[in-house]
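Structure assessment
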Amino acid sequence: MAGIKEIRTKIKSVQNTSKITKAMEMVAAAKMRKAQDRMRAGRPYATKVRAIAAHLMQANPDYTHPYMVEPAKLSAVGVIMVTTDKGLCGGLNTNISRLVLHQIKALEAQGIKVQATALGSKGLSLLNRVGVDVVSSEVQLGDAPNLERLIGAIKVQLDDFVSGKIDAVYLATSRFVNTMRQEPSFLRLLPLPSGLADPFQADADAAEDGALHTQYGWDYLYEPDSQTVIDDLLLRYVEGLIYQAVAENMASEQSARMVAMKAASDNAKKVIDDLQLVYNKTRQAAITKEISEIVGGAAAV
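Here's what I pulled together on the structure shown here. (Residues numbered from 1 in each chain as written. Predicted model: local features only at pLDDT ≥ 70, side-chain atom pairs only at ≥ 80, totals over all residues. Heavy atoms only, no water.)

So, the overall build of the protein
Scanning the protein from N- to C-terminus turns up six helices and five strands. Secondary structure elements in the protein, listed N-terminal to C-terminal, are α-β-α-β-α-β-α-β-β-α-α. Along the first, second and third principal axes, the C-alpha set of the protein runs to 115 × 35 × 35 Å. In the protein, which comprises 301 residues, the proportion classed as buried is 43%. By sequence separation, contacts in the protein at least 24 residues apart represent 77% of the contacts at least 6 residues apart. (Helix = DSSP H or I, 4+ residues; strand = E, 2+ residues; numbered from the N terminus. Buried < 20%, exposed > 50% of the residue type's maximum accessible area, 1.4 Å probe, protein only. Contact = heavy atoms within 4.5 Å.)

Structure below.
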């Protein structure tokens, strides 16, 4: 009977776990819709501001912002890593962590120093664990991006870039493709990239096709003056891409968590069915044994 009690306890435990995973799946599904709407609403702005910034690199303005200056050589770079604050979202954090670590090792192998900014608890713990120089961080981002908190965290990297302490700034985040697919991406934020492919395009092939290859230069008329316009534009460029990167990551997080919790609930159901079968067999064997003992005792009398 001890075996039967243990099996019954295990079935109850798996049932309780299944209730938790089912509830988490429903919560993630509700949050996922809001996160996807927020992410899709920001994509056109992020795409357009990146295209204008790339056009600006092909223009010849009379004012050159520090963000537009290509470094002669990379000696130090900054990496902004966007991850989640919580786990239980499948391989989302594992994939972006693997990509970032690979890129950091490749940079350090070339003698390039790396400093990092972590947006999210998982990324912060990883960077601290592997010994990367973390100059700033922001955790507990919530369910919606807060631009003021994000800009405060990345301002350290921007100031170091302007002062010349680092030669480039890279952004690592999870790009939302669909509910079942999220891809890690590692793109250059500063100095301005010359390519116009959209890093947040829903389809990688579409992103490649969407790249605007031009054979002519761009020229603009600035009002009131080029410095004011370019300064504001590049500030919006940085803000737009950082906000969109966090929005993409949040949509990816909720989608990955919903899929992971659904898989956990399905697995729990299979485990319960298997345990129930073992329980029934064990119980039947115990009953048969008792009947055999009673019959044997009655025959002896």
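A look at the environment of Ala54
By the secondary structure assignment, Ala54 is in helix α1 (residues 2-58). Take Ala54: its relative accessible area is 1%, and that puts it in the buried class. Remark: the alpha-carbon pair of Ala54 and Glu239, spanning 185 residues in sequence, is separated by 16 Å.

Focus: a nonpolar patch on the surface
Together, Ile287, Ile291 and Val295 make up a nonpolar patch on the protein surface, roughly 250 Å² of accessible area in all. The residue Ile291 is located in helix α6 (residues 226-300) in this model. We classify Ile291 as partly exposed; its relative accessible area is 49%. (Patch = residues over 30% accessible without salt bridge, like charges linked within 9 Å, V, L, I, M, F, W, Y side chains within 5 Å. Areas by Shrake-Rupley, 256 points an atom, 1.4 Å probe, with all protein chains shown as cover. Salt bridge = Lys/Arg side-chain N within 4 Å of Asp/Glu carboxyl O.)

Description of the sheet that holds strand β5 (residues 181-190)
Strands sit in the order β3-β2-β1-β4-β5 across an open sheet of five strands; the sheet is mixed. Looking along the sheet, the strands with just one partner apiece sit at the ends: β3 (133-138) and β5. Geometrically, the sheet is characterised by an average inter-axis angle of 20° between neighbouring strands, direction not taken into account. Looking at chain direction, strand β4 (residues 168-178) and β5 are connected through nine bridges and run antiparallel. Counted as the bridge partner of Ala172 is Phe186 from β5. Packing of helix α2 (residues 92-109) onto the sheet brings it into contact with β1 (76-82), β2 (113-119), β4 and β5, and relative to β5 it is tilted by some 35°. Strands β1, β2, β4 and β5 of the sheet are contacted by α6, whose axis makes an angle of about 40° with β4. (Pairing = 2+ DSSP bridges. Axes fitted to C-alpha atoms, helices over the stretch in contact; angles between N-to-C directions.)

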